[in-house]
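# Working through the structure, step by step
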Amino acid sequence: MNPGIPFILIAALTLSGALAAAILPNLVHAALSLVLAFVGLAAFYFLLGAEFIGLVQVIVYIGAVAVLIVFTILLTRPAVAQRGDLNWGGVLVAIAVMSGLLWALARTALPANATAAAPMTVMRVGQTLMGDYVWPLQTVGIVLTAALIGAVVLVMEEDR
C-alpha cells in the first residue's frame, strides 16, 4: 500500500470535518463535525508514530472538550436565530491567518537532528509534568475548575 494513501484519506477526513464545523448552520451538527476533525488530527498523530499525543488528543479533545461543547450548546438557549449567510469578515481573517502560517512555515528550516531526538515516553512526560511544570499544571487545573463552576452558575441564573 502506498504510504501517501493513508495521509490523503486522513487529510480528507480532517478537512471535511473542519469545513463542516465552520459552515453548518446547526450548532449540534457543527460540534459533531468538530469531533470528526479531532479524530482526523488524532489519526495524524498515530500515523506519525506519536501514540501518546494521539491518545491525549482522543481523551482530552474528543472525550472532554467535544462533550463539553455539545453539552454547552444543548444547555443554553440561542438568543437569536442563526442566519445562513456566510460571514465574509471571518473568511478574510481565516485567509490572513492561514497566509501568515504558511509564510512562517516556508521560512522555517527543519533542525538537522530532528530524527535524533530521544523518544518521548509516558514516564518522561510524567516526570517532566510533575517536576519542572508542577505549578503551571496545578494553576491550569484551578483555572479550569473555576471556569466550570462559572459555567454552571451562568446556566443556573438563566433558569431563575
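Here's what I pulled together on the structure shown here. Residues take numbers from 1 onward in each chain, read along the sequence in its written order. A pLDDT threshold of at least 70 governs which residues receive local features in this predicted model, and a stricter bar of 80 or more applies before side-chain atom pairs are shown or counted, although totals over entire chains, interfaces and linings include all residues. Only heavy atoms go into the side-chain values, all of them from the structure, while hydrogens and water stay out.

### Some words on the overall build of the protein
- What counts as a helix is a DSSP run of H or I of at least four residues, what counts as a strand is a run of E of at least two, and both are numbered from the N terminus. The number of helices and strands found in the protein is six helices and zero strands.
- Listing every helix and strand of the protein by position from the N terminus yields α-α-α-α-α-α.
- The classification of residues rests on relative accessible area computed with a 1.4 Å probe and restricted to protein chains. Under 20% of the type maximum is buried, over 50% is exposed, and intermediate values are partly exposed. Looking at the protein as a whole, 12% of its 160 residues are labelled buried.
- Throughout, a residue-residue contact means that at least one pair of heavy atoms, one from each residue, lies within 4.5 Å. When contacts within the protein are restricted to residue pairs at least 6 apart in sequence, those whose partners lie at least 24 apart make up 50%.
- When the accessible area of the protein is evaluated, it comes to approximately 12,500 Å², of which 75% is carbon and sulfur surface. Here the accessible surface of atoms and residues is derived via Shrake-Rupley with a 1.4 Å probe, and residues count as covered only by protein chains that are part of the display.

### Some points on the side chain of Ser33
- Within the fold, Ser33 resides in helix α2 (residues 27-48).
- Since its relative accessible area comes to 11%, Ser33 is described here as buried.
- In this structure, Ser33 is in contact with Gly17, Ala20, Ala21 and Leu24, ignoring residues within four places of it in sequence.

### Remarks on the packing of helix α1 (residues 4-23) against α2
- Here, axes are lines fitted to C-alpha atoms. For helices the fit covers the stretch in contact, and angles between N-to-C directions go from 0 to 180 degrees. At a closest axis distance of 7 Å, the pairing of α1 and α2 adopts a crossing angle of 155 degrees. Classed by the angle they form, the pair α1 and α2 counts as roughly antiparallel. For the pair α1 and α2, the crossing hand works out as left-handed. Of α2, the residues touching α1 (which contributes Pro6, Phe7, Ile10, Ala11, Leu13, Thr14, Ser16, Gly17, Ala18, Ala20 and Ala21) are Ala30, Ser33, Leu34, Leu36, Ala37, Val39, Gly40, Leu41, Ala43, Phe44 and Leu47.
- We call Asp, Glu, Lys and Arg charged. Ala, Val, Leu, Ile, Met, Phe, Trp, Tyr, Cys and Pro are nonpolar, and the rest, Gly among them, are polar. For the contact of α1 with α2, the per-class residue count stands at 17 nonpolar, five polar and no charged. Oblique is the label for any angle not under 35 degrees, not over 145, and not in the 65 to 115 range, which are roughly parallel, roughly antiparallel and roughly perpendicular in turn. Put simply, a crossing is left-handed when the front helix is turned counterclockwise from the back one by less than a right angle, and right-handed when it is turned clockwise.

### As for the packing of α2 against helix α3 (residues 51-75)
- Taken N-terminus to C-terminus, the directions of α2 and α3 make an angle of 175 degrees; their axes are 9 Å apart at the nearest point. Of the possible angle classes, the one that applies to α2 and α3 is roughly antiparallel.
- Tallied by class, the residues present in the contact of α2 with α3 amount to 22 nonpolar, two polar and one charged.

### Brief notes about α1
- Between its first and last C-alpha, α1 extends 28 Å over 20 residues, near the 28 Å set by a 1.5 Å rise per residue.
- The secondary structure elements touched by the buried residues of α1 are α2. Helix span, as expected, comes to 1.5 Å for every residue beyond the first.

### Topic: the side chain of Gln57
- Within the fold, Gln57 resides in helix α3.
- On the basis of relative accessible area, Gln57 is assigned to the buried category, the value being 6%.
- Filtering out sequence-adjacent residues up to four positions away, Gln57 remains in contact with Phe38, Leu41, Ala42, Tyr45 and Ile62.

### Some remarks on a nonpolar patch on the surface
- The patch calculation keeps residues exceeding 30% relative accessible area without a salt bridge and links them within 9 Å when they carry like charges or within 5 Å when they are nonpolar (Val, Leu, Ile, Met, Phe, Trp, Tyr). Each reported salt bridge corresponds to a side-chain nitrogen of Lys or Arg within 4 Å of a carboxyl oxygen of Asp or Glu. There is a patch of nonpolar side chains on the surface, built from Phe46, Leu55, Val56, Val58, Ile59, Val60 and Tyr61 and spanning about 570 Å² of accessible area.
- Considering every element that reaches the nonpolar patch, the biggest residue donor is α3, with six residues.
- With respect to the helices, strands and loops of the structure, Val58 is situated in helix α3.

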